[in-house]
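Fold and contact review
Here's the letter readout for the chains.
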Amino acid sequence: MVYNFSSFVLVFLLFGASSYAIPVGEVNDICRQSKNFSFCFTLLNSNPSTNLVTLTQRTINVARVNVTNTIKLIKLLISQSAGDPNAKNHYTSCLVHFNYNEGALGKVDYAQEMLKNKDYQGMGVAATAIVTYVEDCISGESPSDPPYPDHSMLPKYAYVVELVAEIIVFISKYLGH
Ligand SMILES: *[C@@H]1O[C@H](CO)[C@@H](O)[C@H](O)[C@H]1NC(C)=O
Ligand SMILES: *[C@@H]1O[C@H](CO)[C@@H](O)[C@H](O)[C@H]1NC(C)=O
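Re the state of the cysteines
Applying the stated criterion to the full structure yields two disulfides. Between the sulfur atoms of Cys-94 and its disulfide partner Cys-137 the distance amounts to 2.1 Å. Because the torsion about its S-S bond is 90°, the bridge between Cys-94 and Cys-137 counts as right-handed. Within this pair, whereas Cys-94 is found in helix α5 (residues 85-98), its partner Cys-137 is found in helix α7 (residues 120-139), the two being separated by 43 residues in sequence. Each member of the pair, Cys-94 as well as Cys-137, is classed as buried.

Here it is as structure tokens:
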């Protein structure tokens, strides 16, 4: 099934975001850009009859759950790394990147606010910041230092957060037109 983009925009304008049920063709277009197509496709099809704004809201909710779970994991890892300064530094830095004030959790709230205001570009910027924070945690902030060899579950959790945030970025481009 092939939908071209301009007809999508036309239909979108005619029927409005709130009444528009997202067709499979558009889910394919959004997820084709993802590092992990099947993850994206499964997430966006968990309720296929929904409209794009509702779908975005759900995706932001998933991001919030995933970021919150990641913060819990990081706090546990910090408590377990008392005798290992390198591990402790790594996890402490990751906590900053995931926390509310200067990290991913604050940006999830900001993306939420932007969605409410129908500022889809602003929502995309907030979601892009989440991706950057996740990468700063995993790869480290300094390109000259090798990434911390993290054998905990954190890289897996972080990967999921990154995938979900990326999906919000891709959707923001659709909503922004
Ligand atoms: C896609 O993401 C899922 C969930 O994190 C993971 O289990 C799977 O291995 C990933 N697939 C690829 C191709 O990276
Ligand atoms: C991410 O959120 C989804 C949906 O709420 C949940 O099923 C999944 O277990 C979460 N994964 C992590 C790593 O928190």
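Read on, since the account is not over.
So, the site of ligand 2
Neighbouring residues of ligand 2: Val-62, Val-65, Asn-66, Asn-69 and Tyr-157. Asn-66 has a polar side-chain atom sitting 2.3 Å from an oxygen atom of ligand 2. Asn-69 is positioned such that a nitrogen or oxygen atom in its side chain is 2.9 Å from an oxygen atom of ligand 2. In isolation ligand 2 exposes 360 Å². Once the protein is present, 53% of that is buried. Counting residues per element, the shell around ligand 2 draws most heavily on helix α4 (residues 52-79), at four residues. A class-by-class count of the residues in the shell around ligand 2 yields three nonpolar, two polar and no charged.

Quick notes on the rules
Residues numbered from 1 in each chain as written. Chains lettered and ligands numbered in written order. Predicted model: local features only at pLDDT ≥ 70, side-chain atom pairs only at ≥ 80, totals over all residues. Heavy atoms only, no water. Disulfide = S-S within 2.5 Å. Helix = DSSP H or I, 4+ residues; strand = E, 2+ residues; numbered from the N terminus. Buried < 20%, exposed > 50% of the residue type's maximum accessible area, 1.4 Å probe, protein only. Near = heavy atom within 4 Å. Polar contact = N/O pair within 3.5 Å; in protein donor to acceptor, adjacent residues only side chain to side chain. Areas by Shrake-Rupley, 256 points an atom, 1.4 Å probe, with all protein chains shown as cover. Nonpolar A, V, L, I, M, F, W, Y, C, P; charged D, E, K, R; others polar.

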